[in-house]
Each structure stands twice: as C-alpha cells, then as structure tokens.
Amino acid sequence: MKVLLLNGSPHVHGCTFTALDAVARELQQNGVETEIVHVGHKDIRGCIGCYKCRELGRCVFDNDIVNTLATKFEEADGLVVGSPVYFAGTNGTLISLLDRLFFSTPFSKRFKVGAAVASARRAGTGNTLDQLNKYFLYAEMPVASSRYWNEVHGNTPEEVVKDEEGMQIMRVLGRNIAFLIRAIAAERERSGLPETEPERISTNFIR
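Below, the structure is looked at part by part. (Residues numbered from 1 in each chain as written. Predicted model: local features only at pLDDT ≥ 70, side-chain atom pairs only at ≥ 80, totals over all residues. Heavy atoms only, no water.)

### Examining the layout of surface pockets
Then, number 1: In this structure, the largest pocket occupies an estimated 570 Å³ of space.
Then, number 2: If you trace the largest pocket, you find 20 residues lining it, with F107, S108, Y138, E140 and R200 closest to the centre.
Then, number 3: Counting only elements with at least two residues in the lining of the largest pocket, the list comes to α2 (53-56) and α4 (92-104).
Then, number 4: Among the elements that line the lining of the largest pocket, the one with the most residues is α4, at three residues.
Then, number 5: Of the residues contributing to the lining of the largest pocket, the split by class is nine nonpolar, four polar and seven charged.
Then, number 6: Put simply, the second largest pocket is a space of about 240 Å³.
Then, number 7: In terms of lining residues, the second largest pocket is bounded by 13 residues, among which H11, C15, P84, S119 and N155 are the most central.
Then, number 8: Broken down by secondary-structure element, the contributors of at least two residues to the lining of the second largest pocket are α1 (15-29), β3 (78-86) and β5 (113-120).
Then, number 9: A per-element tally of the lining of the second largest pocket places β3 first, with three residues. (1 Å grid on protein atoms, 1.4 Å probe; cavity = no way out; pocket = protein on both sides within 12 Å on 5 of 7 lines; lining within 4 Å. Points joined across faces, edges and corners; volume = space filled by probe spheres on them. Helix = DSSP H or I, 4+ residues; strand = E, 2+ residues; numbered from the N terminus. Nonpolar A, V, L, I, M, F, W, Y, C, P; charged D, E, K, R; others polar.)

Next comes the structure, spelled out in structure tokens:
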C-alpha cells in the first residue's frame, strides 16, 4: 500500500508540509508507504485543452513534473493534496498541475483514496478544500475525512505544530486513509469493485 502526497506550497518545509508530514507519519505507522513530493515551487503551465493526451496517453507538455507524477499516481493507492490558501483559494501552480494530471492520464482512478489538506494563517480553507475535493469526486475516488475539515492554522511551521486541533485532525486523517485503503483492498479481493458503466455520458445544457 502506498500514498502519494503533493505539497502545493512553494515552501518545501513550511506550514503545508508540516500538515502533510503529520498525515504521512500516521500512514507509515499504519503500514502504508508514503512519498511527499514538493510541487508548489515548480514552473508548471496550465492545461490548454489541446486533447493531444487522448492520442499520446500522457500530457503533450513533457518538460515539467506532470507526466512523472502520473506514473507515481497510477501506482499509488491514495493521493493526498496539500495547499496553502491564496486569496481564499488554492495555489495556482497546484491547480495547473492537477488540471493536467487528472485530465491527461488514461488510467482508472476509481477507488483510489483521495484527501485534501489546506493550510491558512486565518481563513479561506473552506474554498480551498472544496476546490481540491472536486478532482477526487470527478474521478470516483472516495474522499477521506477526519473529525473536522482537513485544515491547519498558523503563519509558521512552529505555529502549525501549536495548532493542537489541526495536528490531531491530520493524525486522524492518516489513520482513516489507511483504513479505507485496507477496506477497499479487502472488498476488491472478496467481491470486486462495484459494476461501472464503460462509456461516460457527456451532455451539455442545450441538448
């Protein structure tokens, strides 16, 4: 079992990392391998809707980390995405990455476990979490919860550690992710995944 964690902050060991590290340590204690990848400082362009990925099986832009992460994502049983709050929303670099990562990859993400983590000095975590969770919901990925919204507060890593409720939320989240991964794996082995419809029906609002 393995979980990939993406640090969407430009600060490699900042507040967002502090939260993700707490999740990762709990996952490891529950027998799940983890890898934290720092992505928030990288130069990552957004999706241009060219649809070349439908031909190539990968994003046409091969000069950044997206296609490398796609391989790690495919091999993982879960994905945790952490972001600082920027103007009451997600870091733009992270959004560019996720748009391309989810849109360009042809492999099934069904029943990989997803979780979003937001880090804020004061506010804006609700919008950030909602935006990040949309990726998981689109891909049929069960969204892991904790005993409150998955957020920490503080302006420095030291302040985040002092957010006792936030750190507890991260620990509980790690345990819940591990449980969901094991439960899904056991049910997959016992009776398989729920039946799916092979073709996606896609309509618009004028017909």
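### A look at α4
Then, number 1: Between its first and last C-alpha atoms α4 spans 18 Å; for 13 residues at 1.5 Å apiece the expected length is 18 Å, and the two agree.
Then, number 2: Within α4, 10 of the 13 residues are buried, which leaves the element mostly enclosed by the surrounding structure.
Then, number 3: Along α4, the positions that sit buried rather than exposed are T93, L94, I95, S96, L97, L98, R100, L101, F102 and S104.
Then, number 4: The inward-facing, buried residues of α4 abut β1 (2-7), α2, α3 (66-75), β3, β4 (89-90) and α5 (125-138).
Then, number 5: Between a side-chain oxygen at the N-terminus of α4 and the backbone nitrogen of T93 the separation is 3.1 Å; the capping residue is N91. (Expected span 1.5 Å × (residues − 1). Buried < 20%, exposed > 50% of the residue type's maximum accessible area, 1.4 Å probe, protein only. Contact = heavy atoms within 4.5 Å. Polar contact = N/O pair within 3.5 Å; in protein donor to acceptor, adjacent residues only side chain to side chain.)

### Some remarks on the pattern of salt bridges
Then, number 1: Tallied over the entire structure, the rule returns nine salt bridges.
Then, number 2: As a salt-bridge pair, E187 and R190 come within 3.1 Å of each other at their nearest N and O atoms. One end of the pair is E187 and the other is R190, both in helix α7 (residues 164-191) and three residues apart, which spans about a single turn.
Then, number 3: Linked through salt bridges whose partners overlap, the residues forming this network are K2, E35 and K72. (Salt bridge = Lys/Arg side-chain N within 4 Å of Asp/Glu carboxyl O.)

### Section: empty space enclosed by the protein
Then, number 1: Counting across every chain of the model gives one cavity of 30 Å³ or more.
Then, number 2: Volume-wise, the largest cavity comes out at about 100 Å³.
Then, number 3: C47, C50, Y51, C53 and C59 are the residues nearest the centre of the largest cavity, which is lined by 13 residues in total.
Then, number 4: The element best represented in the lining of the largest cavity is α4, accounting for three residues.
Then, number 5: Classifying every residue of the lining of the largest cavity gives nine nonpolar, two polar and two charged.

### Remarks on α1
Then, number 1: Given a rise of 1.5 Å per residue, 15 residues ought to cover 21 Å, and the 22 Å separating the end C-alpha atoms of α1 matches this to within 8%.
Then, number 2: Along α1, the positions that sit buried rather than exposed are C15, T16, T18, A19, L20, A22, V23, A24, E26 and L27.
Then, number 3: Taken from the residues just after α1, G31 is the one with a positive phi, measuring 80 degrees.

### Structural notes on the packing of α1 against α7
When two helices pack together, their arrangement is given by the angle between the helix axes and the distance between those axes.
Then, number 1: α7 packs onto α1 with a crossing angle of 40 degrees between their chain directions and a minimal axis gap of 8 Å. In terms of orientation, α1 lies oblique with respect to α7. In this structure, the crossing between α1 and α7 has a hand that is right-handed. Along its contact with α1, which presents T18, A19, A22, V23, E26 and L27, the element α7 presents M167, M170, R171, L173, G174, R175, I177 and A178.
Then, number 2: Classifying every residue of the contact of α1 with α7 by side-chain character gives nine nonpolar, two polar and three charged. (Axes fitted to C-alpha atoms, helices over the stretch in contact; angles between N-to-C directions. Parallel < 35°, antiparallel > 145°, perpendicular 65-115°, else oblique. Left-handed = near helix turned anticlockwise from the far one by under 90°.)

### Brief notes about the side chain of S96
Then, number 1: You can see S96 is positioned in helix α4.
Then, number 2: If we ignore the near neighbours within four places in the chain, the residues touching S96 are I44, R45 and G46.

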